[in-house]
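As a plain string of letters, each chain reads:
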Amino acid sequence: MGGDGTTPKGMMKRRGSFSGMSRRLSVLFSGGSGSSGDILPCYYTNTPLKRGSSAGTSTNVQKTCSKFDRIKVPTGNFINLLIVGTMFFLLLDSRSRVQMAKTELASVEEQEHLFESRMKKLESTSQELKDQVNQLKDARAALEKWKKEDKSGLSSTPAIASNGKKDKNPQLEELYKKDQAVQGQVAHLQRKIQLEAQREVIEKFGEGPYLVDLALEGLGRIRLEMAPLHLMPHTIHVFLEQVAIGLWDRCSFVWNPAHMILASPHVKVRRSRKGKTNEDLEKMQEKLDRDRQLSFVKSGFGGVSFGEYTNEYPHEKFTIGLAGKPGGASNFYINTQDNSMLHGPDGENGADPCFGKVVEGFEILKIMQSRTKRKQEEGWARDAFMHPIFISSARVVNHHQK
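Note that the structure is a prediction, hence the values are computed from the model and not measured.

S.K.: Explain the overall build of the protein residue by residue, including any values.
M.R.: Each helix and strand counted, the protein has seven helices and 10 strands in total. Taken across its 402 residues, the protein has 35% of its residues classed as buried. For the protein, restricting intrachain contacts to residue pairs at least 6 apart in sequence, the fraction spanning at least 24 positions comes to 64%. On the protein, roughly 24,800 Å² of surface is accessible, and the fraction owed to carbon and sulfur atoms is 53%.

Here it is, written out as structure tokens:
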């Protein structure tokens, strides 16, 4: 109401519209103009009603419409309220999504931090192992020196002289004890690295068996299956990580002596050879190979920390071995004959890790063995492939995707 007791102008218009609607409905339902039996909707109840259907219909509609006449409908305020409510809901939803994204990001960062922590721990353990191995070498070298210089004719056991009597040389006994202690520490660290590697493999690659597909350019696919994880966990971990990172992509098999086929970080040159001399191409190749070898080192999986080996998985035909000394070059090879003696503990350079075998692609191996070699070269180069066989891709295969 206005201050003078009158109804506001806007409200009068709304009430007038409702009154007009009431009168029109009264006329229609009282059998006024229009044909009998037409169906008309009631705009307040949304219920279909027959025109002139009953005598009491008009009265009922008039009462209903009169009730609605008294309702004040603030249409503009309702729309504004609806808009504000919608915006508030969208704001809450966006804040919820942002919070979820922050939580996921924090989880990813925590996993990355955990992985980095484990890698640092593994590197620290590996370095500690290397230091212990160096101490062992020094102790053994000193022990051998004492044996040669000792005039009493000691046997292999430093505390026993050649005549069977006890030797009272305290320095030699001390060196012998130190040698035994260092050997025990080395064995403990090696086992620690193996347990950590086994856990990392299961966590990242799941339960075995672990398969690796090598796609060879122009030849097809060779499938490798890793040895049982508990036998060679450290070597398997290093190799699977190398493959997963993509370090073996575009590398190649380069050497083919009679007993094996060896792969190395020799990268295929993809750039155009047009207008380049042989010297230019050789420099490009050397740079690519050097960069790839550096990538192996920077990855933290450049090689194994120690020469892992077990007699339960020897270098039989079509098994896979890891070439080079611990911490050295990352080369692996496929045994094309039984090399248990040559690459085992009784070999010239000690045992190489043997960590898997070929399970598919034997026909491709035969083709590889028949490829032309550089027989005109001197030394080991005589057995190098004239044209390296490139690995277009190397992939870890889920065992469910066999």
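S.K.: Explain a nonpolar patch on the surface residue by residue, including any values.
M.R.: Taken together, F78, I79, L82, I83 and M87 make up a surface patch of nonpolar side chains, about 530 Å² in accessible area. Within the secondary structure, M87 is located in helix α3 (residues 75–149).

S.K.: So, the confidence of the model for the protein: which residues are in play, and what are the values?
M.R.: Considering every residue of the protein, the mean pLDDT works out to 76; 65% of them sit at 70 or more. Confidence drops under pLDDT 50 across residues 1–19; counting only partners more than four residues distant or on other chains, this segment forms 15 contacts.

S.K.: Can you lay out the environment of D289 for me, pointing to particular residues and giving the numbers?
M.R.: Residue placement: D289 occurs in helix α6 (residues 278–299). Taking the C-alpha atoms as reference, D289 lies 8.8 Å from K268; in sequence the two are 21 residues apart. Filtering out sequence-adjacent residues up to four positions away, D289 remains in contact with P265, H266 and V267. Looking at D289, its side chain comes within polar contact range of the main-chain nitrogen of V267, at 2.8 Å.

S.K.: Describe the packing of aromatic side chains, naming the residues involved and giving the relevant values.
M.R.: Evaluated as defined, the whole model comprises six aromatic pairs. Taken together, a centroid distance of 5.2 Å and an interplanar angle of 75° make the contact between W248 and F296 edge-to-face. Of the two residues, W248 is situated in the loop between α5 (233–245) and β5 (252–255) and F296 in helix α6; the sequence distance between them amounts to 48 residues. Grouping residues by exposure puts W248 and F296 together as buried. For W248, a relative accessible area of 2% corresponds to the buried category.

S.K.: Now, about unusual backbone geometry: what can you tell me, with residues and values included?
M.R.: A cis amide bond links G208 to the next residue, P209, at an omega of 0°. Structurally, P209 is set in the loop between α4 (170–205) and β3 (211–216). At R250, a position not held by glycine, the phi torsion is positive, near 70°. Assignment of secondary structure puts R250 in the loop between α5 and β5. On the accessibility criterion, R250 (22% relative accessible area) is partly exposed. If you check the backbone angles, F318 has positive phi at about 70° while not being a glycine. Along the polypeptide, F318 turns up in the loop between α6 and β7 (319–323).

The rules behind these values
Think of each chain on its own: its residues are numbered from 1, step by step along the sequence as written. Only residues with pLDDT of at least 70 get local features here, since the model is predicted, and only at 80 or more are side-chain atom pairs given and counted; chain-wide, interface and lining totals rely on the full set of residues. Hydrogen atoms and water are omitted, and side-chain values are computed over all heavy atoms in the structure. In this description a helix means any DSSP run of H or I spanning at least four residues, a strand means any run of E spanning at least two, and both kinds are numbered starting from the N terminus. Residue burial is assigned from relative accessible area. The probe radius is 1.4 Å, only protein chains are included, and a residue is buried under 20% of its type maximum, exposed over 50%, and partly exposed in between. Any two residues whose heavy atoms approach within 4.5 Å are treated as being in contact. Working definition of accessibility: Shrake-Rupley area with a 1.4 Å probe, residue cover restricted to the visible protein chains. To count toward a patch, a residue needs a relative accessible area above 30% and no salt bridge. Like charges then connect within 9 Å, nonpolar side chains (Val, Leu, Ile, Met, Phe, Trp, Tyr) within 5 Å. A pairing counts as a salt bridge when a side-chain nitrogen of Lys or Arg comes within 4 Å of a carboxyl oxygen of Asp or Glu. The predictor reports its confidence for every residue as pLDDT, a score running from 0 up to 100. Here a polar contact is taken to be a pair of N or O atoms separated by no more than 3.5 Å, where protein atoms must pair a possible hydrogen donor with a possible acceptor and residues adjacent in sequence count only if both atoms sit in side chains. Two rings from Phe, Tyr or Trp (for Trp, the six-membered ring) form a pair when their centres are within 6.5 Å of each other. A pair whose planes differ by under 30 degrees is stacked, one over 60 is edge-to-face, and the rest are tilted.

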